[in-house]
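Given next are the chains, with one letter for each unit.
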Amino acid sequence: MTDLTAAALPSLAANVSVPTYDRSAVRSRIVHFGVGGFHRAHEAMYLDRLLEAGHTEWGLCGVGVLSVDAAMRDALAAQDDLYTLVTTAPDSTSAARVVGSIVEYLFVPDDPEAVAAKLADPDTAIVSLTITEGGYGVDDATGEYAPRDKATLADLDGAVPPRSVMGLLTEGLRRRRDAGIPAFTVMSCDNIQGNGRVARAALRGFAERLDPELGRWISKNVSFPNSMVDRITPVTTDETRAAVAEEFGIRDRWPVRSESFEQWVLEDAFPAGRPPFDEVGVQLVDDVEPYELMKLRLLNASHQAMSYLGILSGAHYVHEVCTDPLFVDFLRGYMHEEAIPTLRPVPGIDLDAYCDQLLARFGSEAIRDTLARQVVDGSDRLPKFLLPVVREQLASGGSIDHCALVLAGWSVFLEGRTETGEETPAVDSRLDELRAIVTDDPAALLDYAPVFGDLGRDARLREAYLSARASLAERGARGAIAALTA
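Keep in mind that what you see is a predicted model, and the values were worked out from it rather than measured.

Draft legend 1. Representation of the overall build of the protein chain within the structure. If you tally the helices and strands in the protein chain, you get 21 helices and 13 strands. Here the C-alpha radius of gyration of the protein chain, 23 Å, is about what a compact globule of 486 residues would show, namely 23 Å. Dimensions of the protein chain, computed from the C-alpha atoms along their principal axes, are close to 65 × 55 × 40 Å. Buried residues in the protein chain amount to 57% of all 486 residues. Partitioning the contacts of the protein chain with sequence separation of at least 6, the portion at a separation of at least 24 is 77%. For the protein chain, the computed accessible surface area is about 18600 Å², with 49% contributed by carbon and sulfur atoms. For the protein chain, the distance from the average position of its 46 positive side-chain charges to the average position of its 74 negative side-chain charges is 3 Å.

Draft legend 2. Structural detail: the pattern of salt bridges. For the structure shown, the criterion picks out 33 salt bridges. Across the pair arginine 29 and aspartate 123 runs a salt bridge whose closest N-O atoms are separated by 3.6 Å. Taken together, the positions of arginine 29 in the loop between α1 (9-12) and β2 (30-33) and aspartate 123 in the loop between α5 (112-120) and β7 (126-129) put the pair 94 residues apart, joining distant regions of the chain. Taking relative accessible area as the criterion, arginine 29 reaches 15% and is therefore assigned buried. Close ionic contact of arginine 297 with glutamate 392 constitutes a salt bridge, the shortest N to O distance being 3.0 Å. With arginine 297 in helix α11 (residues 289-312) and glutamate 392 in helix α17 (residues 387-396), this residue pair connects regions lying 95 residues apart in the sequence. One network of salt bridges, in which partners are shared, links Glu113, Glu171, Arg174, Arg175, Arg177 and Asp178.

Draft legend 3. Just the sheet that holds strand β11 (residues 256-259), in detail. Taken in spatial order, the three strands make up an open sheet running β5-β4-β11, and their pairing is mixed. What marks the edges here is a single partner per strand, and that holds for β5 (94-99) and β11. Strand-to-strand twist across the sheet, computed as the mean angle between neighbouring axes with direction ignored, equals 25°.

Draft legend 4. Seen up close, the sheet that holds strand β3 (residues 60-64). The strand order across the open sheet formed by five strands is β6-β3-β2-β7-β8, and the pairing between neighbours is parallel. This sheet does not close on itself; its edge strands, each paired only once, are β6 (102-107) and β8 (185-188). Taken over all neighbouring pairs, the strand axes of this sheet differ in orientation by 25° on average, direction set aside. Summarising the sheet, β3 and β6 pair through five bridges and their orientation is parallel. When the bridges of β6 are listed, cysteine 61 appears paired with glutamate 104.

Draft legend 5. How the structure looks around the side chain of serine 223. Structurally, serine 223 can be placed in the loop between α9 (212-221) and β9 (227-230). In this structure the side chain of serine 223 is engaged in a polar contact, spanning 2.7 Å, whose partner is the backbone oxygen of alanine 269. Excluding residues that lie within four positions of it along the chain, serine 223 makes contacts with Thr185, Val186, Ala269 and Pro271.

Draft legend 6. Highlighting the environment of aspartate 74. Mapped onto the fold, aspartate 74 is located in helix α4 (residues 70-78). A distance of 2.8 Å separates the side chain of aspartate 74 from the side chain of arginine 73, its partner in a polar contact.

Parameters at a glance
Residues numbered from 1 in each chain as written. Predicted model: local features only at pLDDT ≥ 70, side-chain atom pairs only at ≥ 80, totals over all residues. Heavy atoms only, no water. Helix = DSSP H or I, 4+ residues; strand = E, 2+ residues; numbered from the N terminus. Rg over C-alpha atoms; globule rule 2.2 N^0.38 Å. Buried < 20%, exposed > 50% of the residue type's maximum accessible area, 1.4 Å probe, protein only. Contact = heavy atoms within 4.5 Å. Areas by Shrake-Rupley, 256 points an atom, 1.4 Å probe, with all protein chains shown as cover. Lys, Arg positive; Asp, Glu negative; His and termini not counted. Charge placed at Lys NZ, Arg CZ, Asp CG, Glu CD. Salt bridge = Lys/Arg side-chain N within 4 Å of Asp/Glu carboxyl O. Pairing = 2+ DSSP bridges. Axes fitted to C-alpha atoms, helices over the stretch in contact; angles between N-to-C directions. Polar contact = N/O pair within 3.5 Å; in protein donor to acceptor, adjacent residues only side chain to side chain.

Here you go:
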């Protein structure tokens, strides 16, 4: 068994792929906020490929903002910023690579000034983000900037130095403007429709509140490319660590396990320069929207569709429900009857084949992805993934029965108990408000404007939702699905 460090790479090379480039020569021209499992299985992996191909000017500086990020700081520091990425195919075969693209890691609570200085450094060309759907502070219903987190609100009140993502980005850009340094590009890699537009709304909204002139400069000078990212990446557990140690002989404090599938579709809008992403499999396009709508409404919305009902029925893992014919029929019905009718043609993609591929990916037992992971902050995810399908189907007169059952399942999930009496794994920044609503009057959930906006007033949606609630109460989750798909 070998501890993962830079010095250990030669001895590890017999079992796994390891970096052969000189990491001491890598320039960290990309700063990334949110160094979690997905980032390390996706963007950092693509950049590792570029470094291996000789493009050593495109390394990563990771940034942790939250107090919980101290664990990542410590794990990476002990391993010279290296980690093991294990990818697993649907047939359960695995491959491992030690990824070396992160060459710096800064922790905001330790030294916010160091982060601001890194952002202001002329060598920084791109700042990328995986700060989750709720990390931008943009209201889903209005599209307006409306932050709720304490760090951002403190920065808006004039905290010095800033400690929130938007506060730090604004400070870095202010310093660049004042020094005559061109702006960096802000590249969101979060699962949000129009993630570049959302990032722009958040950063502009923050900057304009502090300094309207700076806000105007950001609007004119900062590029926010949209992107679509895809790779199922479960949370790392002790089981993951033990498996990496047993299978590959590596003692890694924080490895990552993901599926073998990967996709990144990226708008080619980088005035400050970019890596040759196209050389390592990234699709550079003029219009990301068809791809992102496909992914958000088929993959991400399907995660919501399976998870609440699956949890209520007593399941815990994605592969449990996605190898169950009842749930597979339900997901196919959602995809083909409700989601696909809202999509534009997607260049180079057969949507029927894409849906089949999704179901095969979901059914992979080797990934062991949990339903609980899919439902964290459901009040942020549902408006971005599922409700746009509802809105378009209502406008066109299309079916919403599957979506209504998902929303009804969410409302029962919020009540706190599964059908077997287990506590539901509800984690949501709005949980107390939501739970109070469904406990008092489940029908009133549709009136909750931060999630539904004006959509909840639609008479057809209300009728379908209440009918689905009644079906769940009478038949349970599996019975309600069976009644719908019969």
